[in-house]
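Now for the letters of each chain:
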Amino acid sequence: MLNAQILKEKLLNKIYNSSPDGIFIADSAGRYKDVNPSGCDITGYTFEEITNMGLLDITHPDSIEDVINVFKELQSEGEISGEFKYIKKDGTIYYMQVDAIKFEDEAYIAFCKDTTKRKLSEEACTELAIRKKLEAELVEQKRQLEIKNKELKAIMESMSDGLFMLDKNYAFTFLNQ
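Residues numbered from 1 in each chain as written. Predicted model: local features only at pLDDT ≥ 70, side-chain atom pairs only at ≥ 80, totals over all residues. Heavy atoms only, no water.

Undergrad: Could you give an account of the layout of surface pockets, with specific residues and numbers?
TA: There is about 180 Å³ of room inside the largest pocket. What lines the largest pocket is L12, I15, Y16, I23, I25, F103, I109 and F111. Listed by contribution, the elements that provide at least two residues to the lining of the largest pocket are α1 (2–18), β1 (22–27) and β5 (107–114). With three residues, α1 is the largest single contributor of residues to the lining of the largest pocket. Here the lining of the largest pocket is composed, by residue class, of eight nonpolar, no polar and no charged. (1 Å grid on protein atoms, 1.4 Å probe; cavity = no way out; pocket = protein on both sides within 12 Å on 5 of 7 lines; lining within 4 Å. Points joined across faces, edges and corners; volume = space filled by probe spheres on them. Helix = DSSP H or I, 4+ residues; strand = E, 2+ residues; numbered from the N terminus. Nonpolar A, V, L, I, M, F, W, Y, C, P; charged D, E, K, R; others polar.)

Undergrad: Which residues make up the pairing of strand β7 (residues 172–175), and what values go with them?
TA: Bridge count between strand β6 (residues 164–166) and β7: three bridges; the pairing is antiparallel. If you follow L166 over to β7, its bridge partner there is F172. Hairpin connection, β6 to β7: the antiparallel pair is bridged by five residues, and Y170 has positive phi, about 65°. (Pairing = 2+ DSSP bridges.)

Undergrad: Any details on the sheet that holds strand β4 (residues 93–104)? Residues and values, ideally.
TA: Each strand in a sheet pairs with another by means of backbone hydrogen bonds, the pair being arranged parallel or else antiparallel. Spatially, β2-β1-β5-β4-β3 is the arrangement adopted by the five strands of the open sheet, whose pairing is antiparallel. On the outer flanks of this sheet lie β2 (32–35) and β3 (79–87), each paired with one strand and no other. Between one strand axis and the next, the sheet turns through 30° on average, direction left out of account. Packed on one face of the sheet, helix α5 (residues 116–158) meets β3, β4 and β5 and runs near 125° to β4. (Axes fitted to C-alpha atoms, helices over the stretch in contact; angles between N-to-C directions. Contact = heavy atoms within 4.5 Å.)

Undergrad: Describe the packing of aromatic side chains, and please don't skip the residues or the numbers.
TA: All chains considered together, the criterion is met by three aromatic pairs. An angle of 65° between the planes, with centres 5.4 Å apart, marks the rings of F71 and Y108 as edge-to-face. With a gap of 37 residues between them, F71 in helix α4 (residues 64–77) and Y108 in strand β5 connect regions that are remote in the sequence. Accessibility assignment for this pair places F71 and Y108 in one class, buried. The ring of Y94 carries K88 above its face, with NZ or CZ at 5.4 Å from the centroid. (Phe/Tyr/Trp six-rings, centres within 6.5 Å; stacked < 30°, edge-to-face > 60°. Buried < 20%, exposed > 50% of the residue type's maximum accessible area, 1.4 Å probe, protein only. Lys NZ or Arg CZ within 6 Å of the ring centre and 35° of its normal.)

Undergrad: Could you give an account of a nonpolar patch on the surface, with specific residues and numbers?
TA: A contiguous nonpolar patch, built from F164, L166, Y170, F172 and L175 and spanning about 610 Å² of accessible area, is present on the exposed surface. Where the nonpolar patch is concerned, the elements lending two or more residues are β6 and β7. Along the chain, the position of L166 falls in strand β6. Here L166 falls in the partly exposed class, since its relative accessible area comes to 39%. (Patch = residues over 30% accessible without salt bridge, like charges linked within 9 Å, V, L, I, M, F, W, Y side chains within 5 Å. Areas by Shrake-Rupley, 256 points an atom, 1.4 Å probe, with all protein chains shown as cover. Salt bridge = Lys/Arg side-chain N within 4 Å of Asp/Glu carboxyl O.)

Undergrad: Quick one: what's the story with the pairing of β1, residue by residue and with numbers?
TA: Extensive coverage of β1 is indicated by the burial of six of its six residues. Side chains G22, F24 and A26 project from β1 onto one buried face, and the interleaved I23, I25 and D27 project onto a second face that is buried too. Where β1 meets β2, three bridges bridge the pair, whose relative direction is antiparallel. Within β2, the residue paired with I25 across the bridge is D34. Between β1 and β2, which pair antiparallel one after the other, the connecting turn spans four residues, and G30 there sits at a positive phi close to 85°.

Undergrad: Lay out empty space enclosed by the protein with the relevant residues and their values.
TA: This model, assessed by the stated rule, comprises one cavity of 30 Å³ or more. Roughly 240 Å³ of internal volume is contained in the largest cavity. Around the largest cavity, the lining is made up of 18 residues, and of these L55, F71, Y86, V98 and A110 lie nearest the centre. Those elements that place two or more of their residues in the lining of the largest cavity are β1, α4, β3, β4 and β5. Per-element accounting of the lining of the largest cavity gives the leading share, four residues, to α4. Across the lining of the largest cavity, the residue classes break down as 17 nonpolar, one polar and no charged.

Here you go:
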């Protein structure tokens, strides 16, 4: 039985230290108590730096309110999942998918995956879709304007009285027949 326990501990240690995802352990105040090597790689901070920080120390201002609310939910519900914006040690903004559970009464474990490439790709696709929609609307507005201009020109051409338009330099821009 002892061999099975030792094997299990070695396996858990191997998973913890070699996981491609960041694993963070925090206390009930949101202070980091432990982090695996991938967590350090993702954030750019050393183990010592992270374990002297709290959840909000690396959170981007855009996500602070969400992180506070989700941490409260984690404390009451026992698990959460969400994507948040963070700031690396070098100032780079990045996104992480966070899946966390209540580990013990005073401990929480979060499994974090850097989702920056996916998030930026989604934002680029959204921007492109918006741009295409705006371009289509602009083309339609231009078409409608051309129709109205033709209608106006036809009305002005059919008038029996003389009609002309001048620009600011008093040059003729329109003269009906």
